[in-house]
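# Descriptive analysis of the structure
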Amino acid sequence: QVQLVESGGGLVQAGGSLRLSCAASGFTHSNYAMGWFHQGPGKEREFVAVIGWSSSVTHYADSVKGRFTISRDNAKNTVYLQMNSLKPEDTAVYYCAATTKYGLPYRISEYEYWGQGTQVTVSS
């Protein structure tokens, strides 16, 4: 049974940092591209970042480029999202997702498995 469990969310002041983790189980983590998405209040779920099978390949939404870093540790079946210089508009529920699609998929429809999400709130 595939499971993705996010952690690390919380309340932080603008300009602060958080590190999200996503622990995967039930599948061969290294065979999947892993992505992060977020969904703000009253908004649709949006792409944030993706890391390919090889950790050297990543892609980010323009809104987080230069502030967020996605990484993965296949030995621990875990993917991370380091979020720096946080802004109030980053407030959202953050979801990790997994897909067997090759490359750097960024569409919600391309992902097969989803976690339950972790809340990130950035105060001004």
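The next subject is the overall build of the protein chain. In terms of regular secondary structure, the protein chain is built from 0 helices and 11 strands. Counting from the amino terminus, helix and strand elements in the protein chain follow one another as β-β-β-β-β-β-β-β-β-β-β. The C-alpha radius of gyration of the protein chain comes to 13 Å, within 12% of the 14 Å expected for a compact globule of 124 residues. If one aligns the C-alpha atoms of the protein chain with their principal axes, the spans along those axes are about 40 × 25 × 25 Å. Per-residue burial for the protein chain yields a buried fraction of 44% across its 124 residues. Looking at the protein chain alone, contacts between residues at least 24 apart form 59% of all its contacts between residues at least 6 apart. Carbon and sulfur atoms make up 46% of the accessible area of the protein chain, which amounts to about 6200 Å² in all. Side-chain charges in the protein chain split into 10 positive and 9 negative, and the spacing between the mean points of these groups amounts to 4 Å.

Nonpolar side chains in soluble globular proteins tend to be buried together. Residues W36, L81, M83 and Y94 are the most contacted members of the largest nonpolar core, which totals 34 residues. Of all the elements in the fold, those that place two or more residues in this core are β3 (18–25), β4 (33–39), β5 (46–51), β7 (68–73), β8 (78–83), β9 (92–99) and β11 (118–123). If we skip the residues at most four places from it in the chain, Y94 touches E6, L20, W36, F37, H38, V48, F68, L81, M83, G117, T118 and V120.

Located in the positive-phi region is N77, a residue other than glycine, with phi close to 50°. Along the chain, the position of N77 falls in the loop between β7 and β8.

Once that is clear, we can look at the sheet that holds β8. Pairing within the open sheet is antiparallel, and its 4 strands lie in the order β1-β3-β8-β7. The sheet is open, and its two borders are formed by β1 (3–7) and β7, each paired with just one other strand. On average, adjacent strands in this sheet sit at an angle of 15° to one another, irrespective of strand direction. Looking at chain direction, β7 and β8 are connected through 6 bridges and run antiparallel. Residue S71 lies in a different strand from β8, and its bridge partner there is Y80.

Let's shift gears to the state of the cysteines. This model, assessed by the stated rule, comprises 1 disulfide. Here C22 connects covalently by a disulfide to C96, the sulfurs 1.9 Å from one another. One end of the pair, C22, is in strand β3; the other, C96, is in strand β9, and 74 residues separate them in sequence. By relative accessible area, which is 0% here, C22 ends up buried.

Attention shifts here to the packing of aromatic side chains. Considering all chains together, one arrives at 8 aromatic pairs under this definition. One aromatic cluster is present, formed by F37, F47, Y106, Y111 and W114 through successive ring pairs. Above the ring of Y95, the side-chain terminus of R45 is found at 3.6 Å from the ring centroid. Lying across the ring of W114, R45 places its NZ or CZ 5.0 Å from the centre.

Conventions we followed
Residues numbered from 1 in each chain as written. Predicted model: local features only at pLDDT ≥ 70, side-chain atom pairs only at ≥ 80, totals over all residues. Heavy atoms only, no water. Helix = DSSP H or I, 4+ residues; strand = E, 2+ residues; numbered from the N terminus. Rg over C-alpha atoms; globule rule 2.2 N^0.38 Å. Buried < 20%, exposed > 50% of the residue type's maximum accessible area, 1.4 Å probe, protein only. Contact = heavy atoms within 4.5 Å. Areas by Shrake-Rupley, 256 points an atom, 1.4 Å probe, with all protein chains shown as cover. Lys, Arg positive; Asp, Glu negative; His and termini not counted. Charge placed at Lys NZ, Arg CZ, Asp CG, Glu CD. Core = buried A, V, L, I, M, F, W, Y, C linked by side-chain atoms within 4.5 Å. Pairing = 2+ DSSP bridges. Axes fitted to C-alpha atoms, helices over the stretch in contact; angles between N-to-C directions. Disulfide = S-S within 2.5 Å. Phe/Tyr/Trp six-rings, centres within 6.5 Å; stacked < 30°, edge-to-face > 60°. Lys NZ or Arg CZ within 6 Å of the ring centre and 35° of its normal.

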